[in-house]
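Okay, here's what each chain looks like letter by letter:
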Protein chains: 2
Amino acid sequence: MKKIIPFLRTFGLVAAAVGLSVLAGCAGMPASSVDTPLAIAKQGSFFVGGRELQSNTLSGLPAARPMPPAAGGSAPPDPNIGTVSVEQMYVQYQIPAAALPTSLVLIHGCCLTGASWESTPDGRMGWAEYFARRRYPTYVVDQVARGRSAMNATPIAAVKTGKLAVDQLPAGYMVGREFAWSIFRFGDEYPKVHPDLQFPLQAQGELWKQMVPDYAFSFPAPNPTVPALGLLAQRIGGPVVLVSHSQSGIYPFLTYAQSPRNIAGIVSIEPTSCPASPGDAERFAAVPVLLLWGDHTESSAFWAPRIRQCREFADAVNRAGGNASFLVTAERGMKGNSHMLMQDKNNIAVADLVLQWIGRTVR
Amino acid sequence: MKKIIPFLRTFGLVAAAVGLSVLAGCAGMPASSVDTPLAIAKQGSFFVGGRELQSNTLSGLPAARPMPPAAGGSAPPDPNIGTVSVEQMYVQYQIPAAALPTSLVLIHGCCLTGASWESTPDGRMGWAEYFARRRYPTYVVDQVARGRSAMNATPIAAVKTGKLAVDQLPAGYMVGREFAWSIFRFGDEYPKVHPDLQFPLQAQGELWKQMVPDYAFSFPAPNPTVPALGLLAQRIGGPVVLVSHSQSGIYPFLTYAQSPRNIAGIVSIEPTSCPASPGDAERFAAVPVLLLWGDHTESSAFWAPRIRQCREFADAVNRAGGNASFLVTAERGMKGNSHMLMQDKNNIAVADLVLQWIGRTVR
């Protein structure tokens, strides 16, 4: 049963109620408008973390035909033997013109990639671009072993070639839409739909295409993404807010506990778990925390206990002298938000709640 | 031995010599400069292609603890059973302000992802951004089953749970740096280095981190990326130049043969193979083709026969009344270009050769 627990923690914000305030410093900036061209000072991608792995089973293919030696040289090496890099984390970033000093790092959830934060399934602007338009340097990661962050496929090749037992295969997971449905809170059960649902359900096929096999369950704790986020905050060099979602909801807390340098705030959107309270709450008294939730969590067998646990954590942080905000969009006049708040029809209004909290709280 | 051939075709441009000309229409545009902010009219991502797959082995995990039913509802579905999407292709795009009418689609090579076209390993500007700065709408894909384009992991789960035989495991391939070395032409053999090498070798670790397991060998021909590129050209809607590299070098030809709509040009950078000549050359008489190569191919046992085959193809296209250009950077005063021309120290000068050809040739 031990393996089942992370599985059930797969999907998943917590905070004390916050008041609304206006976005500071953005009005009238052409680079910030959503209707004018976005002015990018610098963009690109890089990797953090990772380790070298030497293997003699780089593929499950038969040994390749030896290539002829180069002129005057020796035969080229066996393609199945050599050194590869694993456990590095891919980071794609945009630094807008006239950037603010605080950077945002966006960390996707289970079975997804950084694409979560790009265009919404129905083609509207995602949070990655919107935050850049609001002048925040924005970094989108692919968790280790997913998307553009390589997974280690050598155990699969080793099983295929008889060098390793079948039970050593990595336990990847592809989430089916029928199972995801109630966890994403499109409705209480598949295929029912909440009448006020904010998710653009007509474009659901595009969300399902964003999903990739998730090998997070094959790693011992902590997932290599956790130290990689610490390395990223150090590389960015200024104040960083880690923005996580669902399965990665707990990661900013784990990263901060390991390596708090430059981490100036934690935004955890519908985390599948929060740090234990009161045990761990004191450790987060010095970093502002926002836990953000959508609607219909009470009728969700999956979410109801999680939101309760996270509310207890936020209360414990505040009792320890910290600053934890617990925000439920449904309590702020926004009805029908799904688990995929960053893709919901009101995603920009939800993003504004996050930016208001950052503008008011993060120093 | 049949399986070995695609393996040896793994890495890999062809053309008749072209004269140099100047870039038209870019001077003085702030959006095109490499030193001023880049003005982006629209950016985002989406998927093309893909199919629904129903499976009862979505994971190799033990059956999850059944969740309690929702209030008044039935129990949620088994997480191992359901519908997922596979074989879709991820596309990330940037449309600059004052965009030109022709779009560029960038297709990476073996064991890599779209990250090939982003920042170079030593952190300089990659071709994706440079082309956007030169006002081309630019689309970067992740080939099917790699990067943000999901691979189908259900056979792995089925083997792990005893439902499928071990030999049904997909044959993924991770390329080791020792094997890649001579194919990337850092030197004739590992770890020798061409004295005039243009690749930023001090940052090689970042290139190795770009590599991901490649499952292209598990697909029957044509790879699902081929029809997906056709769908992408149709979706873009105007003239498109497909720019491929290495293992994907042949894909634009296969796509064009299937579905030529909107494909206004083919740029194939160091393809591992070209269409058969004279057999297939006539099919490409109506589309301009640029085959581009770097330096030191003559001393490469891997590349020498490939460049010969591609030169024969280009000659056959031209004999059939077509317009195939064969460009070797080393014959244009640029010495030491590696197989990774888009990441070499002179990558912008090489990009300009491509843009000059497009400006002169593509209508």
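Residues numbered from 1 in each chain as written. Chains lettered and ligands numbered in written order. Predicted model: local features only at pLDDT ≥ 70, side-chain atom pairs only at ≥ 80, totals over all residues. Heavy atoms only, no water.

### Some details on the overall build of chain A
Now for step 1: A tally of regular secondary structure across chain A gives nine helices and eight strands.
Now for step 2: Relative to its 363 residues, chain A shows a buried fraction of 65%.
Now for step 3: Surface accessibility of chain A: about 12000 Å² in total, with carbon and sulfur atoms responsible for 56%. (Helix = DSSP H or I, 4+ residues; strand = E, 2+ residues; numbered from the N terminus. Buried < 20%, exposed > 50% of the residue type's maximum accessible area, 1.4 Å probe, protein only. Areas by Shrake-Rupley, 256 points an atom, 1.4 Å probe, with all protein chains shown as cover.)

### A short note on helix H6 (residues 225-236) of chain A
Now for step 1: In this model H6(A) runs 16 Å from its N-terminal to its C-terminal C-alpha over twelve residues, within 8% of the 16 Å that 1.5 Å per residue would give.
Now for step 2: Turning to H6(A), its buried residues are Thr225(A), Val226(A), Ala228(A), Leu229(A), Gly230(A), Leu232(A), Ala233(A) and Ile236(A). (Expected span 1.5 Å × (residues − 1).)

### Thoughts on the interface of chain A and chain B
Now for step 1: The interface is formed by 94 residues belonging to chain A together with 93 residues belonging to chain B.
Now for step 2: The junction of chain A with chain B conceals about 7900 Å² of combined surface from both sides, 58% of it contributed by carbon and sulfur atoms.
Now for step 3: The largest per-residue losses of area from chain A upon contact with chain B belong to Arg148(A), Met174(A) and Lys209(A), which jointly make up 10% of the total buried on that side.
Now for step 4: Linking chain A to chain B there are six salt bridges.
Now for step 5: If you look at where chain A meets chain B, you find 39 residue pairs in polar contact (both at pLDDT 80 or more).
Now for step 6: Mapped by element, the contributors of at least two residues to the side of chain A that touches chain B are helix H1 (4-8), strand E1 (38-55), strand E2 (82-96), helix H2 (127-133), strand E4 (138-142), helix H3 (154-160), helix H4 (177-183) and helix H5 (204-210) of chain A.
Now for step 7: By residue number, the principal contributor to the side of chain A that touches chain B is E1(A), which donates twelve residues.
Now for step 8: Residue composition of the side of chain A that touches chain B, grouped by class: 51 nonpolar, 25 polar and 18 charged. (Contact = heavy atoms within 4.5 Å. Buried area = accessible area lost by both parts, 1.4 Å probe. Salt bridge = Lys/Arg side-chain N within 4 Å of Asp/Glu carboxyl O. Polar contact = N/O pair within 3.5 Å; in protein donor to acceptor, adjacent residues only side chain to side chain. Nonpolar A, V, L, I, M, F, W, Y, C, P; charged D, E, K, R; others polar.)

### Section: the state of the cysteines
By definition, a disulfide links the sulfur atoms of two cysteines through a covalent bond.
All names here are of chain A.
Now for step 1: Following the criterion strictly, the structure yields four disulfides over all chains and no others.
Now for step 2: Each sulfur in the disulfide pair Cys110 and Cys111 lies 2.1 Å from the other. Summarising the burial analysis for this pair, Cys110 and Cys111 share the class buried.
Now for step 3: Paired by a disulfide, Cys274 and Cys310 hold their sulfur atoms 2.2 Å apart. Given an S-S torsion of about 105°, the disulfide between Cys274 and Cys310 has right-handed geometry. Placement of Cys274 in the loop between strand E6 (263-269) and strand E7 (289-293) and of Cys310 in helix H8 (residues 303-319) is noted, with a sequence separation of 36 residues between them.
Now for step 4: Judged by its relative accessible area of 6%, Cys274 falls in the buried class.
Now for step 5: Residue class for Cys310 comes out buried when judged on its relative accessible area of 0%.
Now for step 6: In chain A, the cysteines engaged in disulfides, taken in order along the sequence, are linked 1-2, 3-4. (Disulfide = S-S within 2.5 Å.)

### Details of the confidence of the model for chain A
Residues and elements named next belong to chain A.
Now for step 1: Per-residue confidence for chain A averages 88 on the pLDDT scale, and 87% of its residues sit at or above 70.
Now for step 2: No element of chain A has a lower mean pLDDT than H1, which averages 36, and none a higher one than strand E3 (residues 103-107), which averages 99.
Now for step 3: The low-confidence segment residues 65-70 (pLDDT under 50) makes 16 contacts with residues lying over four places distant or belonging to another chain.
Now for step 4: Two summary scores accompany this predicted model of the complex, namely pTM at 0.91 and ipTM at 0.91. (pLDDT = per-residue confidence, 0-100.)

### A few points about the packing of helix H6 (residues 225-236) of chain B against helix H7 (residues 251-258) of chain B
All names here are of chain B.
Now for step 1: Here H6 crosses H7 at 65°, and the two axes come no closer than 8 Å. Every pair of crossing elements has a handedness; the one defined by H6 and H7 is right-handed. Residues Thr225, Val226, Pro227, Leu229 and Gly230 of H6 pack against Tyr251, Leu254, Thr255 and Gln258 of H7.
Now for step 2: A per-class count over the contact of H6 with H7 returns five nonpolar, four polar and no charged. (Axes fitted to C-alpha atoms, helices over the stretch in contact; angles between N-to-C directions. Left-handed = near helix turned anticlockwise from the far one by under 90°.)

### Quick notes on the pattern of salt bridges
Now for step 1: What the rule picks out here adds up to 22 salt bridges over all chains.
Now for step 2: Residue Glu270(A) is joined to Arg185(A) by a salt bridge in which the shortest nitrogen-to-oxygen separation is 2.6 Å. Of this pair, Glu270(A) sits in the loop between E6 and E7 while Arg185(A) sits in the loop between H4 and H5; the two residues are 85 residues apart in sequence, bridging distant segments of the chain. The burial state of Glu270(A) is the same as that of Arg185(A); both residues are buried.
Now for step 3: In this structure, Lys192(A) engages Glu189(A) in a salt bridge whose closest nitrogen and oxygen atoms are separated by 3.0 Å.
Now for step 4: You can call Lys192(A) partly exposed: its relative accessible area is 48%.
Now for step 5: One salt-bridge network, held together by shared partners, links Glu118(A), Asp142(A) and Arg148(B).

### Regarding the packing of aromatic side chains
Residues and elements named next belong to chain A.
Now for step 1: The full count for this structure, using the stated rule, is 38 aromatic pairs over all chains.
Now for step 2: Aromatic pair Phe184 and Phe186: ring centres 5.9 Å apart, planes at 75°, arrangement edge-to-face.
Now for step 3: In this structure Phe186 comes out as buried when scored by relative accessible area, which is 0%.
Now for step 4: In textbook terms, an aromatic cluster arises when at least three aromatic residues are bridged by ring pairs, as seen for Trp181, Phe184, Phe186, Tyr190, Phe199 and Trp208. (Phe/Tyr/Trp six-rings, centres within 6.5 Å; stacked < 30°, edge-to-face > 60°.)

### Considerations on the relation of the copies chain A and chain B
Now for step 1: Least-squares fitting of chain A to chain B yields an RMSD of 0.0 Å, with the transformation described by 0.0 Å of translation along the axis and a rotation of 180°. The symmetry that links the two subunits is that of a two-fold axis. (Least-squares fit on C-alpha atoms with pLDDT ≥ 70 in both.)

### Some points on the side chain of Thr102(B)
Now for step 1: Mapped onto the elements of the fold, Thr102(B) is located in the loop between strand E2 (82-96) and strand E3 (103-107).
Now for step 2: Setting aside residues no more than four positions away along its own chain, Thr102(B) makes contact with Tyr136(B), Pro137(B), Pro239(B), Val241(B) and Val362(B).

### Here we look at the environment of Val212(B)
Now for step 1: As for its position among the elements, Val212(B) is in the loop between helix H5 (204-210) and H6.
Now for step 2: Judged by relative accessible area, Val212(B) falls into the buried class, the value being 4%.
Now for step 3: With 101 residues separating them in the primary sequence, Val212(B) and Cys111(B) have C-alpha atoms 5.2 Å apart.
Now for step 4: Excluding residues that lie within four positions of it along the chain, Val212(B) makes contacts with Gly147(A), Arg148(A), Ala150(A), Cys111(B), Leu112(B), Thr113(B), Arg146(B) and Tyr173(B).

### Remarks on the pairing of strand E5 (residues 240-245) of chain A
The side chains of a regular strand alternate between both faces of the sheet.
All names here are of chain A.
Now for step 1: Most of E5 is tucked away: six of the six residues are buried.
Now for step 2: Both faces of E5 are covered, namely the face carrying Val240, Leu242 and Ser244 and the face carrying Val241, Val243 and His245.
Now for step 3: Across five bridges, E3 lies against E5 in parallel orientation. Bridging from a neighbouring strand, Val105 pairs with Leu242 of E5. (Pairing = 2+ DSSP bridges.)

### Some details on the pairing of strand E6 (residues 263-269) of chain B
Residues and elements named next belong to chain B.
Now for step 1: Among the seven residues in E6, seven count as buried, and that is most of the element.
Now for step 2: Taken together, the six bridges between strand E5 (residues 240-245) and E6 define a ladder with parallel strand orientation. By the bridge assignment for E6, His245 is matched with Ile269.
Now for step 3: In this fold, E5 hands off to H7, which returns the chain to E6; that crossover is right-handed. (Right-handed = clockwise from strand over helix to strand, strands pointing away.)

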